[in-house]
Amino acid sequence: QVQLVESGGGLVQAGGSLRLSCAASGRTFSIGVMGWFRQAPGKEREFVAAISRSGLRTYYADSVKGRFTISRDNAKNTVYLQMNSLKPEDTAVYYCAADMRGGSEYYTLSEYEYWGQGTQVTVSS
């Protein structure tokens, strides 16, 4: 079992920044890719970013490329999402997720076995 706890969400004005954290506990030695997804009201959950186990490979949705940066600290079992130049359309609940099977479809929900409870990010215009 793996437990994921997100933090760092909040209310920010457009153009501002936030850094989300996701702390993992439990069988952390088995975690491979970690990802961030988001879900806005009335919309489906969508891929935001993912990072390989080593941290050397990162992947981003086109909508956040150049503005968001994903990173991880394996010694702390924590993954981060630095969000800059935030826009009102970034408003959503942000979820982190952990992949235990080593698959390659990092952009799909089904790739991940464990999910956090989510943290709300609200960007005002």
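Residues numbered from 1 in each chain as written. Predicted model: local features only at pLDDT ≥ 70, side-chain atom pairs only at ≥ 80, totals over all residues. Heavy atoms only, no water.

## What to know about the environment of Asp90
Test applied: Helix and strand assignments follow DSSP, with helices taken as H or I runs no shorter than four residues and strands as E runs no shorter than two, numbered in order from the N terminus. Think of it in three bands: with a 1.4 Å probe and only protein chains considered, a residue is buried below 20% of the maximum accessible area for its type, exposed above 50%, and partly exposed in between. Note on definitions: a residue-residue contact is assigned when non-hydrogen atoms from the two residues lie within 4.5 Å. N or O atoms within 3.5 Å of each other form a polar contact, as long as, within protein, one can give a hydrogen and the other can take it, and as long as residues adjacent in sequence are counted only when both atoms are side-chain atoms.
Positionally, Asp90 belongs in the loop between β8 (78–83) and β9 (92–98). Since its relative accessible area comes to 0%, Asp90 is described here as buried. With 26 residues separating them along the chain, Asp90 and Val64 place their C-alpha atoms 8.7 Å apart. Other than its neighbours up to four places away in sequence, Asp90 contacts Arg38, Arg67, Phe68, Ser85, Val121 and Val123. In terms of polar contacts, Asp90 uses its side chain to reach the side chain of Arg38, at 2.9 Å. Engagement of the side chain of Asp90 in a polar contact is seen with the side chain of Arg67, the distance being 2.7 Å.

## As for the sheet that holds strand β7 (residues 68–73)
Quick note on the threshold: Criterion used throughout: strands pair if DSSP finds at least two bridges between them. Simply put, an axis is a line fit to the C-alpha atoms, just over the touching stretch for a helix, and the angle between two N-to-C directions goes from 0 to 180 degrees.
Judged by pairing direction, the sheet is antiparallel, and its four strands sit side by side in the order β1-β3-β8-β7 without closing on themselves. A single partner strand is all that each edge strand has here, and the edge strands are β1 (2–7) and β7. When strand polarity is set aside, the average angle formed by the axes of neighbouring strands in this sheet is 15 degrees. By the bridge criterion, six bridges tie β7 to β8 in an arrangement that is antiparallel.

## Structural notes on the nonpolar core
General note: in soluble globular proteins, nonpolar side chains tend to be found buried as a group. As a reminder, the rule being used: We define the nonpolar core as a collection of buried residues of types Ala, Val, Leu, Ile, Met, Phe, Trp, Tyr and Cys that are connected through side-chain atoms lying within 4.5 Å of one another.
Membership of the largest hydrophobic core comes to 36 residues, with the highest contact counts inside it found for Leu4, Trp36, Leu81, Met83 and Tyr94. Listing elements by their share of this core, those giving two or more residues are β1, β3 (18–26), β4 (34–39), β5 (46–51), β7, β8, β9 and β11 (119–124).

## Section: the pattern of salt bridges
Rules: A pair is scored as a salt bridge if a Lys or Arg side-chain nitrogen falls within 4 Å of a carboxyl oxygen belonging to Asp or Glu.
This model, assessed by the stated rule, comprises five salt bridges. In this structure, the salt-bridge partner of Arg38 is Glu46, at a minimum N-O distance of 2.7 Å. Arg38 sits in the buried class, given a relative accessible area of 6%. For Asp90, the salt bridge identified is with Arg38, shortest N-O distance 2.9 Å.

## A few points about unusual backbone geometry
The backbone of Asn77 sits at a positive phi, close to 55 degrees, despite the residue not being glycine. Among the secondary structure elements, Asn77 is positioned in the loop between β7 and β8. The backbone of Ser85 sits at a positive phi, close to 50 degrees, despite the residue not being glycine. Residue class for Ser85 comes out partly exposed when judged on its relative accessible area of 42%.

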